[in-house]
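Listed below are the residues making up each chain.
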Amino acid sequence: MKLNLTRPLVVFDLETTGLDIVRDRIFQLSYIKVYPDGKEERENIFVNPGKEIPQEVVELTGTSNADVADKPTFKALAPELADKFANCDFAGFNSNHFDLPMLAEEFYRAGINYDFSQCRLIDAQTIFHKMERRNLAAAYKFYCGRKMEDDFDAHRADQDTEATYRVLMGELDMYAPGKQEEEERQLENDMDVLAQFSKQNDNVDFAGRVVWKEMKDANGQPMLDADGKPMKQEVFNFGKYKGVPVEEALRRDPGYYNWMLTSDFTSDTKQVLTRIKMRDLRRGQGC
């Protein structure tokens, strides 16, 4: 099935030195950039992570420290990648939970504030889990009719990217309106619909430290905007201010902002916090 695109979609996968968004680094990035006219561009990039790849990761991926020793750093690649990814949507497998936060963190460290909030983020794993609740290998067999190990080497970003792309197209084919009788098992070939369906949490930042919460009036009724949709505001999702609107908490306790900026939170969380704080300041100044 051809994807119904209004702008390019980047289907991607990462291999990293570990699973810590803040401390670990990318050493392989593979992507397929699919254009609305059907054209596809593929890139498989190895990156010098600037730190040792643990032996267990070497054994898992087949990529050694020697393999990436002479490769460019992410910082060196970041400007070109940001340019190639401009005005794109993104799709991956477990990408909303791990790959996108990791990619965003690497961009921040490279001095590039790539705003993923303007992108539609489609997670083939979330779609799969909500529909079938299995892993990538099972998804490939289920949607593509073949065993993944017969077609690909395991734990290679370029191979997993190809499999993810085929799974996503298989999902759209299987759940196309008209092929499923139950309405809840129908999925439109539309990037807005897929991005909304891929959401597991209504997070403001990737880490989920700040989330969206519906606003209520004095009677406890949802407040609606001019289009009749529920109004939402950012609230903290952890710590002593859990459930409290971010703007209110920062006004009440200005030191909390400084504490978060100097603590071990992701750069994405700090950027979100700063945007909210600056917006509140502009409002206070009548801007």
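Here the structure is shown first, and the text comes after it.
Residues numbered from 1 in each chain as written. Predicted model: local features only at pLDDT ≥ 70, side-chain atom pairs only at ≥ 80, totals over all residues. Heavy atoms only, no water.

S.K.: Whenever I open this one, the overall build of the protein chain confuses me. Can you help?
M.R.: When helices and strands are tallied, the protein chain shows 12 helices and seven strands. Oriented by its inertia axes, the alpha-carbon framework of the protein chain measures out at about 60 × 50 × 35 Å. Counting only contacts in the protein chain whose residues sit at least 6 apart along the sequence, the fraction spanning at least 24 positions is 60%. Within the structure as shown, the protein chain displays about 14900 Å² of accessible surface, and the carbon and sulfur contribution to it stands at 46%. Here the protein chain contributes 39 positive and 51 negative side-chain charges, whose respective centroids are spaced 5 Å apart. (Helix = DSSP H or I, 4+ residues; strand = E, 2+ residues; numbered from the N terminus. Contact = heavy atoms within 4.5 Å. Areas by Shrake-Rupley, 256 points an atom, 1.4 Å probe, with all protein chains shown as cover. Lys, Arg positive; Asp, Glu negative; His and termini not counted. Charge placed at Lys NZ, Arg CZ, Asp CG, Glu CD.)

S.K.: So what exactly am I meant to see when it comes to the pattern of salt bridges here?
M.R.: Taken as a whole and assessed by the stated rule, the structure comprises 23 salt bridges. Arg7 serves as the salt-bridge partner of Asp89, at 2.7 Å between the closest nitrogen and oxygen. Taken together, the positions of Asp89 in strand β4 (residues 89-92) and Arg7 in the segment before β1 (9-16) put the pair 82 residues apart, joining distant regions of the chain. Residue Lys84 is joined to Glu80 by a salt bridge in which the shortest nitrogen-to-oxygen separation is 3.2 Å. Taken together, the positions of Lys84 and Glu80, both in helix α3 (residues 74-85) and four residues apart, correspond to about one turn of that helix. (Salt bridge = Lys/Arg side-chain N within 4 Å of Asp/Glu carboxyl O.)

S.K.: Where do I start with the environment of Val58 in this structure?
M.R.: As for its position among the elements, Val58 is in helix α1 (residues 55-61). As for Val58 and Thr17, which are separated by 41 residues in sequence, their C-alpha atoms are 8.9 Å apart. With residues near it in sequence (within four places) discarded, Val58 still touches Ile53, Thr63, Ser64 and Asn65.

S.K.: What should I look at first to understand the packing of aromatic side chains in this one?
M.R.: Aromatic ring pairs are described here by two measures, namely the spacing of the ring centres and the angle between the planes. Per the stated rule, a full pass over the model turns up 20 aromatic pairs. Here the guanidinium or amino end of Lys130 rests over the ring plane of Phe197, the centre of that ring lying 4.9 Å away. The ring centre of Phe238 lies 5.0 Å from the NZ or CZ of Arg209, which sits over that ring. (Phe/Tyr/Trp six-rings, centres within 6.5 Å; stacked < 30°, edge-to-face > 60°. Lys NZ or Arg CZ within 6 Å of the ring centre and 35° of its normal.)

S.K.: Explanation requested: helix α11 (residues 254-262) in the structure shown.
M.R.: Every α-helix winds through 3.6 residues per turn, so residues three or four apart in the chain are directed the same way. Restricting attention to buried positions, one finds in α11 the residues Tyr256, Tyr257 and Met260. Taken down its axis, α11 places every buried residue within 105 degrees of arc, on the same side. The secondary structure elements touched by the buried residues of α11 are β7 (232-236), α10 (246-252) and α12 (267-284). (Buried < 20%, exposed > 50% of the residue type's maximum accessible area, 1.4 Å probe, protein only. Arc of directions from axis to C-beta.)

S.K.: Would you mind going over the environment of Leu250 with me for this structure?
M.R.: Inspection of the secondary structure puts Leu250 in helix α10. In the structure, Leu250 is positioned 23 residues away from Leu273 in sequence and 9.5 Å away in space, judged by C-alpha atoms. In contact with Leu250, other than residues within four places in its own chain, are Phe236, Tyr256, Tyr257, Leu273 and Lys277.

S.K.: Explain the packing of α3 against helix α4 (residues 95-109) to me, please; I cannot follow it from the model alone.
M.R.: Between two packed helices, the angle of one axis relative to the other and the distance separating the axes together describe the packing. Following both chains from N to C, one finds α3 and α4 inclined at 115 degrees, their axes separated by 9 Å at the closest point. Crossing of α3 against α4: the hand is left-handed. Residue-level inspection shows Phe74, Ala78, Leu81, Ala82 and Phe85 of α3 in contact with α4, the latter providing Leu103, Glu106 and Phe107. When the residues that make up the contact of α3 with α4 are grouped by side-chain class, the tally is seven nonpolar, no polar and one charged. (Axes fitted to C-alpha atoms, helices over the stretch in contact; angles between N-to-C directions. Left-handed = near helix turned anticlockwise from the far one by under 90°. Nonpolar A, V, L, I, M, F, W, Y, C, P; charged D, E, K, R; others polar.)

S.K.: Would you mind going over the side chain of Asp268 with me for this structure?
M.R.: The residue Asp268 is located in helix α12 in this model. The side chain of Asp268 is buried and forms no salt bridge, while Arg275, the nearest opposite charge, is found at 5.2 Å. Residues in contact with Asp268, not counting those within four places in the same chain, are Glu105, Tyr108, Asp205 and Phe206.

S.K.: Explain a negative patch on the surface here, please?
M.R.: There is a patch of like negative charges on the surface, built from Glu181, Glu182, Glu183 and Glu184. Within the secondary structure, Glu183 sits in the loop between α8 (157-174) and α9 (191-198). By relative accessible area, Glu183 is classed as exposed at 67%. (Patch = residues over 30% accessible without salt bridge, like charges linked within 9 Å, V, L, I, M, F, W, Y side chains within 5 Å.)

S.K.: I would appreciate a short explanation of the nonpolar core in the present structure.
M.R.: The nonpolar side chains of soluble globular proteins are, as a tendency, buried together. The biggest cluster of nonpolar side chains holds 31 residues, and the ones touching the most others in it are Phe85, Phe90, Phe107 and Phe116. Listing elements by their share of this core, those giving two or more residues are β1, β2 (26-34), α3 and α4. Of all the elements, α4 adds the most residues to this core, at seven residues. Here Phe107 is in contact with Phe74, Ala78, Leu81, Ala82, Phe85, Ile112, Tyr114 and Phe116, once residues within four sequence places are set aside. Membership of the second largest hydrophobic core comes to 30 residues, among which are Ala124, Tyr143, Phe152 and Met191. (Core = buried A, V, L, I, M, F, W, Y, C linked by side-chain atoms within 4.5 Å.)

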